[in-house]
Every structure is written in structure tokens, then in C-alpha cells.
Amino acid sequence: MSQHGLLIVISGPSGVGKGTVCQALLRKKADLVFSVSKTTRQPRPGEKDGVNYFFVTPEEFQKSIAEGDFLEYACVYDHYYGTPRRAVERMLAAGRDVILEIDTQGALQVMQTYPQGVFIFLLPPSGAELRSRIIKRGTETEETLKKRLAAAKSEIELAYKYQYVIVNDHVETACERICAIIEAEKMRVLRNKALINALVEEVKA
């Protein structure tokens, strides 16, 4: 089968549980690698530099943009987020499957530059549940909550641009569905041309 790694892009509105699902996926599949993004926002409680994100200054982020270091980048809720290009390309070339947990702005950029990626959109079970999950984080004011919910509506409308949608009702179930997608994608004919061509050459009358 194909020896080149898959780029798996996971998006969804704020509060849908992208981070939780990605961490569960990494525990479930040892062959997956998480691409750590750079961000200019401050760490949330429990987040670690180099594990959840590389936390950098706005000046450092702008320098990376100028040097073409990002596969994609976007400004979300007044903070910048970006995916380091070279690290992702190196892991894919080595045959590793790479997960990007990025917002819709960034995902749309990757769709243009890396269309062979696998694009998955996480949906909440309901609008009420999404609101509840955001509130439970304890990091939002009433004003920022309204801002996130308004953005969530716009982001969900972009789900039509993705290849797959998964409702994150239970983390383990969502992980199983994503794993099934990954395995199916690995068997696509277009990802296995070298194998097919080699067999055509081997099997001769």
C-alpha cells in the first residue's frame, strides 16, 4: 500500500471537542503524529509549550510568515495560529500519518495547497450542547461567548467544503469513525498507483 503518509485535517467550531478527540486518536493509533501549531495566544490551564502549541510572540509569528514557514495560518479571535510547513512535510515523506487540528480558515488554505489531504469536520450533537461545552471551559465572558457562538454558526456552514462530517457525541465513537475513514483512505486507488503499476509489470503472460 501507499508509503506516503496521510495528512488528516480536523476542524470544527470552538467547543466541539477537537483537542479531546485528537488526543484520544493519538492514544488509540500509535502510528499517528500530531502537528504542533504555533500560536500567539496565552496558554490555557494545563497546556504545555511544545505539546499543545508552540506559544510565541506576535513578532516571532510575523517573522515565520515572512520566511514562508507555514503550511497555513490564520487569525482567530484576535490571535494567530499557524502550522509549521517543514515539520509536516518531513513526517509525511517518512510515511507518518499527520493530524492537523486547525480552524476552518486554515483548513481552506490547506485544501488549496494540499488537496490530497483528508478533511474531516466535527459537529456538536446540538447547539445547546455546544454552548454548554464552551461555558464549562470557564474561560469565556458573556461577550466572548456570544462571539464564539456567532462564529460557530458560520464555521458549521463551511462543513459542506469538507469530505467527511462526524458528530462528536461520544469521544470514543468519534475516534472509531475517524480511524475507519483513515483506513479507507489508505486503500484509495489514487494513493496506490505505484503498487498497481508494479504488479502490472510483475504479472506477465
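This is a predicted model, so every value here is computed, not measured.

> Got a minute to help me understand a nonpolar patch on the surface in this structure?
On the surface, Val189, Leu195, Ile196, Leu199, Val200 and Val203 cluster together into a nonpolar patch covering about 530 Å² of accessible area. Within the element layout of this structure, Val200 appears in helix α8 (residues 193-202).

> I tried to follow the sheet that holds strand β9 (residues 164-167) on my own but got confused; where do I start?
Pairing between sheet strands relies on hydrogen bonds along the backbone, with the strands arranged either parallel or antiparallel. A sheet is described by the order of its strands in space; here five strands give the open sequence β2-β7-β1-β8-β9, paired in parallel fashion. Two strands in the sheet have a free side with no partner beyond their single neighbour: β2 (32-34) and β9. Averaged over all pairs of adjacent strands, the angle between their axes in this sheet comes to 25°, without regard to strand direction. Bridge analysis of β2 against strand β7 (residues 97-101) gives three bridges, and the strand direction is parallel. Looking at β7, one finds that Phe34 is bridged to Ile99. The strands that helix α7 (residues 171-186) touches are β1 (7-11), β2, β7, β8 (118-123) and β9; relative to β9, the one it contacts most, it runs at about 160°.

> Help me understand the sheet that holds strand β3 (residues 37-39) in this model?
Strand order in the open sheet made by the four strands is β4-β3-β6-β5, with mixed pairing throughout. Where the open sheet ends on each side, the last strands, each with one partner, are β4 (53-55) and β5 (70-76). Sheet twist, expressed as the mean angle between neighbouring strand axes with direction ignored, is 25°. Examined bridge by bridge, β5 and strand β6 (residues 79-84) share six bridges and lie antiparallel to one another. Looking at β6, one finds that Glu72 is bridged to Thr83. Sheet contacts for helix α2 (residues 58-66): β3, β5 and β6; angle to β5, the most-contacted strand, approximately 140°.

> Got a minute to help me understand the pairing of β7 in this structure?
Regular strands place their side chains on alternate faces of the sheet. Of all five residues that make up β7, five are buried, and the element is covered over most of its length. Residues Asp97, Ile99 and Glu101 point to one face of β7 and Val98 and Leu100 to the other, with burial holding for every one of them.

> Would you mind going over the nonpolar core with me for this structure?
Burial of nonpolar side chains together is a common tendency in soluble globular proteins. Counting 26 residues, the largest nonpolar core has Ile8, Ile10, Leu25, Ile120 and Ile178 as its most contacted members. If you list the elements that add at least two residues to this core, you get β1, α1 (18-28), β2, β8, α5 (127-136), α6 (142-157) and α7. Here the element with the most residues in this core is α7; it accounts for six residues. Setting aside residues no more than four positions away along its own chain, Ile120 makes contact with Ile8, Val9, Ile10, Ser11, Tyr162, Tyr164, Ile166, Ile178 and Ile181. One finds Val33, Val88, Met91 and Tyr162 within the second-largest nonpolar core, a separate group that totals 19 residues.

> Help me out: how do you make sense of the packing of α5 against α6 in this one?
Geometrically, a packed helix pair is captured by the angle between its two axes and the distance between the axes. Look at α5 against α6: their axes get within 11 Å of each other, and the N-to-C directions meet at 140°. Classified by the interaxial angle, the pair formed by α5 and α6 is oblique. Two packed elements cross with a definite hand, and for α5 against α6 that hand is right-handed. Packed against α5, whose contacting residues are Leu130, Arg131, Ile134 and Ile135, the element α6 presents Glu142, Leu145, Arg148, Leu149 and Ala152 at the interface. Here the contact of α5 with α6 is composed, by residue class, of six nonpolar, no polar and three charged.

> Is there a simple way to think about the packing of α1 against α7 in this case?
Closest axis-to-axis distance for the α1/α7 pair is 9 Å, and the angle between their directions is 65°. In this structure, α1 crosses over α7, and the sense of that crossing is right-handed. Listed contacts from α7 to Thr20, Val21, Ala24, Leu25 and Lys28 of α1 are Val171, Glu172, Ala174, Cys175, Glu176, Ile178 and Cys179. For the contact of α1 with α7, the per-class residue count stands at eight nonpolar, one polar and three charged.

> Whenever I open this one, the pairing of β8 confuses me. Can you help?
In terms of residue burial, β8 counts as a mostly covered element, since six of its six residues are buried. Alternating residues of β8 divide into Val118, Ile120 and Leu122 and Phe119, Phe121 and Leu123, and every residue in both groups is buried. When β1 meets β8, the two strands line up parallel, connected through four bridges. Within the sheet, the bridge partner assigned to Ile8 lies in β8 and is Val118. Sheet topology note: the β8/β9 ladder contains four bridges and is parallel. Residue pairing for β9: Ile120 is matched across the bridge by Tyr164.

The rules behind the values
- Residues numbered from 1 in each chain as written.
- Predicted model: local features only at pLDDT ≥ 70, side-chain atom pairs only at ≥ 80, totals over all residues.
- Heavy atoms only, no water.
- Patch = residues over 30% accessible without salt bridge, like charges linked within 9 Å, V, L, I, M, F, W, Y side chains within 5 Å.
- Areas by Shrake-Rupley, 256 points an atom, 1.4 Å probe, with all protein chains shown as cover.
- Salt bridge = Lys/Arg side-chain N within 4 Å of Asp/Glu carboxyl O.
- Helix = DSSP H or I, 4+ residues; strand = E, 2+ residues; numbered from the N terminus.
- Pairing = 2+ DSSP bridges.
- Axes fitted to C-alpha atoms, helices over the stretch in contact; angles between N-to-C directions.
- Contact = heavy atoms within 4.5 Å.
- Buried < 20%, exposed > 50% of the residue type's maximum accessible area, 1.4 Å probe, protein only.
- Core = buried A, V, L, I, M, F, W, Y, C linked by side-chain atoms within 4.5 Å.
- Parallel < 35°, antiparallel > 145°, perpendicular 65-115°, else oblique.
- Left-handed = near helix turned anticlockwise from the far one by under 90°.
- Nonpolar A, V, L, I, M, F, W, Y, C, P; charged D, E, K, R; others polar.

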